[in-house]
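# Coordinate analysis (summary)
Take a look at the letters that make up each chain.
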Amino acid sequence: MEKKYIDRLFDKELEFYLKTVGAVQIVGPKYCGKSRTAKRHAKTIIDLMKKKDRDQYVELAKNAPEALLNKGDKPILIDEWQVISFIWNSIKEAIDENGGFGQYILTGSVTDNTASNSLAGEENERHTGTGRIIKRVMRPMSLFESGDSNGKISITDLKNNVFKPAICDKNIFDYSYLICRGGWPLAIDKDIDIALQQAKTFYSGLVNEDLFSLKDIPLRKDEKRAKKLMRSYSRNISTEASNESIKADLKENGDEIDKDTFVKYLLALQRLYVIEELEAWNPNLRSKTAIREKNTRHFVDPSIATAALGITHESMFSDMKTFGLLFESLAIRDLRIYCDSIGADVYHYRDKADREADAVISFADGSWALVEVKLSDKEQIKEASKKLVELAADIDEKEHPKPAFLMVITTQNVAIQDKNGVYTVPLGCLKP
């Protein structure tokens, strides 16, 4: 029996774009639920995953693309569309000819080698699809979607100065498990051993096959090197580590990698939506302090890092510094998902004086919020609150009005507003 569908925040986003553009291309990591969500919104499904149907669809797409693109009622979902990626221009032309919104949904993995079926010269002549086809990223599930956040504190409410203290039943041991489990739909509501295996399965497929399957980023198959690179990147999660420092870490662990190959690996990980680095926010300051502009290293889900490092939810407590960095990455994952659903963006901030905000929420109306992430140490939380106030005071109000709110995300149980006006909120209480 098919598992019951768990509503995603992305559902509403997809509904909106199907009313505003001709086609939506859904991208994201494997196993995050792209196909299942898309099928809920489609009236006709062309499934290129099944080999018995694939060959006939490929021939139809090559010889009579208009017949394929008018196969049934719309929206038409083309699942694993990269198998017939040469049809892109035909989709754009069909949208132009038919007019109207919500005609096609495209989903699939960029790793399928059958993408080489592209017609000669087609890739070089591909139109952008601007104004007709929009690309949207779908990530693994947030804690709110998986039912692990009670959603008593809304980011939108905080922005509108609405707050009521709340209690969360999650503790630091729960968060160690949730980091390792990740937000993979197949892991939700499963026994612990089964749930924890999903991230390991994703990681195994990545380092053994997927990294080496991109036709335009050729990498010699070397599983050992891939694992070493993933471990080095994982050790630098939630930091602004440079490429050189990660390469140095690789060298210390017995693998000296040249610059071009290293860059190819990072490009491949980006293309596979495995790494998703957090860009720097660059406000105007009252002081003359320079701003650092390095990205912060993150995976699309922190469970990828625990799989790469071989960390379990029990062993995580032996290295609290790493635990803190992984918890920060979990919070960033959720903030990105929540902010996508309300039309906001997430950045990070650090200046040359080492003042920082782990996350900056930039809302569509120009308002903004600063966020720090701390595990549970009361003194660290208190210090983070103080630093956020000082940092906000240095932002030039002529260019950026006062922040909508300041928040410290923690593993503590109670959501409160402290004497500085800063909210201290458990991650297990947040929602959009």
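Shown above is the structure to which this text applies.
The 5 strands are arranged β2-β3-β4-β1-β5 in an open sheet whose pairing can be described as parallel. Both edges of this open sheet fall to β2 (44-47) and β5 (133-137), since each of them pairs with a single strand only. Here the average twist between neighbouring strands, direction ignored, is 20 degrees. Sheet topology places strand β3 (residues 76-79) next to strand β4 (residues 104-107); 4 bridges connect them, and they run parallel. Following the sheet pairing, Asp-79 is matched in β4 by Thr-107.

Burial along β3 is two-sided: the face carrying Ile-76 and Ile-78 and the face carrying Leu-77 and Asp-79 are both buried. Bridge count for β2 against β3 is 4 bridges, and the pairing is parallel. Looking at the pairing, Asp-47 lines up with Asp-79 of β3.

Right, let's get into the pattern of salt bridges. All chains considered together, the criterion is met by 32 salt bridges. A salt bridge links Asp-249 to Arg-235, with the nearest nitrogen and oxygen atoms 2.7 Å apart. Within this pair, whereas Asp-249 is found in helix α11 (residues 243-252), its partner Arg-235 is found in helix α10 (residues 223-235), the two being separated by 14 residues in sequence. Relative accessible area serves as the criterion here: at 15%, Asp-249 is assigned to the buried category. Classification of Arg-235 as partly exposed rests on a relative accessible area of 37%. Arg-336 is paired through a salt bridge with Glu-276; the nearest N and O atoms lie 3.7 Å apart. Placement of the pair is Arg-336 in helix α14 (residues 320-341) and Glu-276 in the loop between α12 (259-271) and α13 (303-309), with a sequence separation of 60 residues. The class of Arg-336 is buried, set by a relative accessible area of 9%. Looking at Glu-276, the relative accessible area reads 18%, which means it is buried.

This next bit is on the side chain of His-348. Position of His-348 relative to the elements: it lies in strand β8 (residues 345-350). In this structure His-348 comes out as buried when scored by relative accessible area, which is 3%. Here Lys-294 takes part through its backbone oxygen, which lies 2.7 Å from a polar atom of the side chain of His-348. Setting aside anything within four residues of it in sequence, one finds His-348 in contact with Glu-240, Leu-278, Glu-279, Ala-280, Trp-281, Lys-294, Asn-295, Thr-296, Ala-357, Asp-358, Ala-359 and Val-360.

The next thing to look at is the sheet that holds strand β7 (residues 166-167). Backbone-to-backbone hydrogen bonds join strands into a sheet, with any given pair of strands oriented parallel or antiparallel. As summarised here, the arrangement of the 7 strands in space is β7-β12-β13-β11-β10-β9-β8, forming an open sheet in which the pairing is mixed. Two strands bound the open sheet, and with one partner strand each, they are β7 and β8. Note that strand β9 (residues 356-362) and strand β10 (residues 368-373) share 4 bridges and pair antiparallel. Across the sheet, residue Ser-362 finds its bridge partner in β10, namely Trp-368. Sheet strands touched by α14: β8, β9, β10 and β11 (405-410). Its angle to β9, the strand with the most contacts, is close to 10 degrees. Strands in contact with helix α15 (residues 378-393) are β8, β9, β10, β11 and β13 (423-426); relative to β11, the strand with the most contacts, it is inclined by about 155 degrees.

Analysis parameters
- Residues numbered from 1 in each chain as written.
- Predicted model: local features only at pLDDT ≥ 70, side-chain atom pairs only at ≥ 80, totals over all residues.
- Heavy atoms only, no water.
- Pairing = 2+ DSSP bridges.
- Helix = DSSP H or I, 4+ residues; strand = E, 2+ residues; numbered from the N terminus.
- Axes fitted to C-alpha atoms, helices over the stretch in contact; angles between N-to-C directions.
- Buried < 20%, exposed > 50% of the residue type's maximum accessible area, 1.4 Å probe, protein only.
- Salt bridge = Lys/Arg side-chain N within 4 Å of Asp/Glu carboxyl O.
- Polar contact = N/O pair within 3.5 Å; in protein donor to acceptor, adjacent residues only side chain to side chain.
- Contact = heavy atoms within 4.5 Å.

These figures capture arrangement, not role.
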